[in-house]
Amino acid sequence: MATTPHSPRLTAGNLCLGTAPVSWGISFPEDERQIPYSRFLDELVTAGYRWVELGPYGYLPLEPERLAAELAERGLQVSGGTTFGALHREDAWEETLAQARRVAELTAAAGAGHLVFIPRLYRDEKTGEYTEPPELTASQWAGVGARADRLGSRLWEEYGVRLVVHPHADSHIQTQPEIEKLLDGSDGRWTNLCLDTGHVVYGGGDNLDLIRRFGERVGYVHLKQMDPEILDQVAAENLSFGEAVARGVCVTPPAGLPDPADIVAELTALDAELFVVVEQDLYPCAPEVPLPIARHTREYLAECGLSATRRPSAAR
């Protein structure tokens, strides 16, 4: 029997929907413009989600017992953790490793099996000022894949957590050639891709092409949409990602690019179970803004076939 991208159980049986603090305007461990974590968790449940990414390290409780109690009280489970680091800099290795291990330890204690690694940005997230050149040298690129594998092997061996590298606007892993360079220069046993659909579009890439050609390296997904008109402003005015977010570059599905239904249909063809974590960068936003957006997004993605109840493995 033929199916469509909107056939819930048949279309996306290998995918599990989650969400993340960024969809509530939370980008930092502490910030007076962010809501308290207890309100975030309560609203997440109200919106119909059951899986959550840990988000900025220190926003949710760092004590495993306290975190577990807060989650259990609401019937929530953790899909993965998030860390930042500079793989292109040997002098940053110890700091990158130490931070990743802290987050991996909490992630594993919460019962999750993925660590999302975001490259350090070359523009300040709040001011937009350049802190590093936007392009890496050949010698810097030579170390990126090797250090990713070094980190990924340590995280798996010590914590049973899989490393998935997240392309990000204003980082050195942003464009499709940069994403492919990372994958070509690393080992799929230790380093795989957190496909962030919005950041791929932001960097001028093609999500469907990446899924089709590198599907075996997709280990985790962030589902996000970008406004093409604001992307044109980014290019014309050299806006930083923070400035683009303030203008509303991240939009609520089904608006923007890419089409979530196309992404879901393509991911369903993969021989893998995957978390698909919906994100919409909203920082900073008024406290009443996120919940209606989150509820609408969850309902729309359910029509696309994304279930919020299954538990993918951490096989890759």
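The structure displayed is predicted, hence computed values, not measured ones. Residue numbering note: each chain is counted from 1, following its sequence as written. Residues qualify for local features only when their pLDDT is at least 70, as the model is predicted, and side-chain atom pairs are given and counted only at 80 or more; totals for whole chains, interfaces and linings, by contrast, use all residues. To get the side-chain values, all heavy atoms of the structure are used, and hydrogens and water are removed first.

1. Details of the side chain of histidine 88
Here histidine 88 lies in the loop between strand 3 (77–85) and helix 4 (93–109). Working definition: with a 1.4 Å probe on protein chains only, accessible area under 20% of the residue-type maximum means buried, over 50% means exposed, and in between means partly exposed. With a relative accessible area of 8%, histidine 88 lands in the buried category. Counting of polar contacts relies on pairs of N or O atoms within 3.5 Å, with two restrictions inside protein: one atom must be capable of donating a hydrogen and the other of accepting it, and residues adjacent in sequence are counted only when both atoms are side-chain atoms. Among the polar contacts made by the side chain of histidine 88, one reaches the side chain of glutamate 132 at a distance of 2.9 Å. Per the convention used, a helix needs a DSSP run of H or I reaching at least four residues, while a strand needs a run of E reaching at least two, with both numbered from the N terminus.

2. Here we look at helix 9 (residues 228–237)
The set of residues buried in helix 9 consists of Ile230, Leu231 and Val234. Down the axis of helix 9, the buried set is contained in an arc of 105°. They therefore lie on one face. Helix 9 presents Glu229, Asp232, Ala235 and Ala236 as exposed residues on the side facing more than 90 degrees away from its buried surface. A contact between two residues is defined here by any heavy atoms of the two lying within 4.5 Å. Looking at the buried positions of helix 9, the neighbouring elements they touch are helix 7 (197–202), strand 8 (225–226) and helix 10 (241–246). For helix 9, the N-terminal cap is aspartate 227; the gap from its side-chain oxygen to the backbone nitrogen of glutamate 229 is 2.8 Å. Immediately beyond the C-terminal end of helix 9, within one or two residues, lies asparagine 238, with a positive phi of roughly 55°. To be clear, the arc concerns the directions from the helix axis to the C-beta atoms.

3. Notes on the pairing of strand 1 (residues 15–19)
Of all five residues in strand 1, five are buried, a share of seventy percent or more. Neither face of strand 1 is open: one carries Leu15, Leu17 and Thr19, the other Cys16 and Gly18, and all of them are buried. Inspection of the sheet shows strand 1 paired to strand 10 (residues 274–278) by five bridges, in the parallel sense. Bridge assignment links threonine 19 to a residue of strand 10, and that residue is valine 278. DSSP calls a pair of strands paired once it identifies at least 2 bridges connecting them.

4. Some points on the state of the cysteines
When two cysteine sulfur atoms are found within 2.5 Å, that pair is recorded as a disulfide. A complete count under the given rule lists zero disulfides for this structure. As a non-bridged cysteine, cysteine 16 has cysteine 194 as the owner of its nearest cysteine sulfur, 15 Å distant. A relative accessible area of 0% means that cysteine 16 is categorised as buried. Sulfur of cysteine 194: no disulfide; nearest cysteine sulfur belongs to cysteine 250 and is 14 Å away.

5. Remarks on the pattern of salt bridges
Only one rule defines a salt bridge in this text: a Lys or Arg side-chain nitrogen within 4 Å of an Asp or Glu carboxyl oxygen. One pass over the full model with this rule turns up 19 salt bridges. Of the charged contacts in the structure, one is a salt bridge between arginine 154 and glutamate 158, with a shortest N-O distance of 2.8 Å. Here the residue arginine 154 and the residue glutamate 158 both occupy positions in helix 5 (residues 138–159), the gap between them amounting to four residues, near one helical turn. Taking the relative accessible area as the measure of exposure, arginine 154 reaches 29% and is therefore partly exposed. Among the residues examined, glutamate 158 registers a relative accessible area of 34% and is labelled partly exposed.

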